[in-house]
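Chains, contacts and geometry: an overview
Spelled out, the chains give:
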Amino acid sequence: MNVTRAIGLLSAVLVFLIDQGLKYYVTGPLGLNYPYAALTVLPIFDLRFVQNIGVSLGMFAANSEAMRWMLVVLTGAIAAGVLWWMLRERKLPDVCALGMVLGGAAGNILDRIRFGYVVDFADLHFGEWRPFLVFNVADAAITIGVLILLIRALLVRDKSRKAPDPVENNVNA
């Protein structure tokens with residue numbers, strides 16, 4: 001395994017550990033482990049316990065045990081695809097972004113296996129306006145990782161590819 005892939009796997013492990021550690025701290029020592037439990041940290045940020053039974057913005061709610069396990073299998077398959085992509089990718093920024101996605105996915109998958117829901121706790125708000133649903137570190141890492149991949153795909157050009165030289169190709173310029 002080369003250094004780039006090791007950094008990607010380390011990124012995934014760090015995201016996973018930070019996510020699970022903060023979820024433990026919020027639901028354990030802070031005691032925010034029941035519906036509507038909340039703690040104001042800043043005027044614009046609360047820790048608020050939410051049991052998220054869906055995926056991505058609460059869609060595809062797992063209202064039954066069968067649906068819960070279908071979500072585990074589906075998100076596990078997606079995570080396996082991300083791992084496969086990460087192990088084949090050569091560019092360090094893309095590998096790190098994929099590691100963030102993988103670590104976040106693993107954290108949310110573990111929650112769904114252990115509890116039947118994903119623990120969300122971060123509530124960013126401006127007065128009554130909430131630009132996001134309540135989320136967790138895993139959600140943030142997945143979102144940031146995907147945004148990095150999209151921005152790099154759309155805006156970063158591969159410098160190893162150069163435009164054909166008209167002189168080399170005997171093309172009249």
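Just above sits the structure.
These notes cover the structure that comes with them. The structure presented is a predicted model; accordingly, all values stated were derived computationally and were not measured.

1. Some thoughts on the packing of aromatic side chains
Taken as a whole, this structure holds four aromatic pairs when the rule is applied. Note on Phe-132 and Phe-135: the rings are 6.1 Å apart at their centroids and 75 degrees apart in plane angle, and the pair reads as edge-to-face. Judged by relative accessible area, Phe-132 falls into the partly exposed class, the value being 47%. By way of ring pairs, the aromatic residues Phe-49, Phe-115 and Tyr-117 are connected into one cluster.

2. With respect to unusual backbone geometry
Within the chain, Tyr-36 stands out as a residue other than glycine whose phi angle is a positive 75 degrees. By the secondary structure assignment, Tyr-36 is in the loop between α1 (3–27) and β1 (38–42).

3. Quick word on the pattern of salt bridges
Inspection of the entire model under this criterion finds seven salt bridges. In this structure, Arg-152 engages Asp-94 in a salt bridge whose closest nitrogen and oxygen atoms are separated by 2.6 Å. Highlighted residues: Arg-152 in helix α4 (residues 137–155) and Asp-94 in helix α3 (residues 92–115), separated in sequence by 58 residues. Pair check on accessibility: Arg-152 and Asp-94 agree, each one buried. Taken together, the shared-partner salt bridges connect Asp-46, Arg-48, Asp-123 and Arg-130 into one network.

4. Remarks on the packing of α3 against α4
Interaxial distance between α3 and α4 falls to 8 Å at its minimum, and their mutual angle equals 155 degrees. When the interaxial angle is binned, α3 and α4 end up roughly antiparallel. Crossing of α3 over α4 shows left-handed handedness. Counted together, Pro-93, Asp-94, Ala-97, Leu-98, Met-100, Val-101, Gly-104, Ala-105 and Asn-108 of α3 and Ala-138, Asp-139, Ala-141, Ile-142, Ile-144, Gly-145, Val-146, Ile-148, Leu-149 and Arg-152 of α4 form the full contact between these two elements. Tallied by class, the residues present in the contact of α3 with α4 amount to 13 nonpolar, three polar and three charged.

5. Focus: the pairing of strand β2 (residues 45–52)
By the bridge criterion, four bridges tie β1 to β2 in an arrangement that is antiparallel. Residue pairing across strands places Ala-38 opposite Arg-48, the latter belonging to β2.

6. Some words on the sheet that holds β2
Strands sit in the order β1-β2-β3 across an open sheet of three strands; the sheet is antiparallel. Two strands close off the open sheet at either side, each with one partner strand: β1 and β3 (118–124). Strand-to-strand twist in this sheet, taken as the mean axis angle between neighbours without regard to direction, amounts to 30 degrees. In this sheet, β3 lies alongside β2 in antiparallel orientation, the contact comprising six bridges. Within β3, the residue paired with Leu-47 across the bridge is Ala-122. In the packing of α1 onto the sheet, contacts are made with β2 and β3, and the angle to β3 comes to roughly 80 degrees. Here α3 sits on the sheet in contact with β2 and β3, set at roughly 125 degrees to β3.

7. Observations concerning a nonpolar patch on the surface
Among the surface-exposed residues, Val-146, Leu-147, Leu-150, Ile-151, Leu-154, Leu-155 and Val-156 lie close enough to one another that they form a single nonpolar patch of about 660 Å² accessible area. Residue position: Leu-155 is located in helix α4. Taking relative accessible area as the criterion, Leu-155 reaches 64% and is therefore assigned exposed.

Conventions we followed
Residues numbered from 1 in each chain as written. Predicted model: local features only at pLDDT ≥ 70, side-chain atom pairs only at ≥ 80, totals over all residues. Heavy atoms only, no water. Phe/Tyr/Trp six-rings, centres within 6.5 Å; stacked < 30°, edge-to-face > 60°. Buried < 20%, exposed > 50% of the residue type's maximum accessible area, 1.4 Å probe, protein only. Helix = DSSP H or I, 4+ residues; strand = E, 2+ residues; numbered from the N terminus. Salt bridge = Lys/Arg side-chain N within 4 Å of Asp/Glu carboxyl O. Axes fitted to C-alpha atoms, helices over the stretch in contact; angles between N-to-C directions. Parallel < 35°, antiparallel > 145°, perpendicular 65-115°, else oblique. Left-handed = near helix turned anticlockwise from the far one by under 90°. Contact = heavy atoms within 4.5 Å. Nonpolar A, V, L, I, M, F, W, Y, C, P; charged D, E, K, R; others polar. Pairing = 2+ DSSP bridges. Patch = residues over 30% accessible without salt bridge, like charges linked within 9 Å, V, L, I, M, F, W, Y side chains within 5 Å. Areas by Shrake-Rupley, 256 points an atom, 1.4 Å probe, with all protein chains shown as cover.

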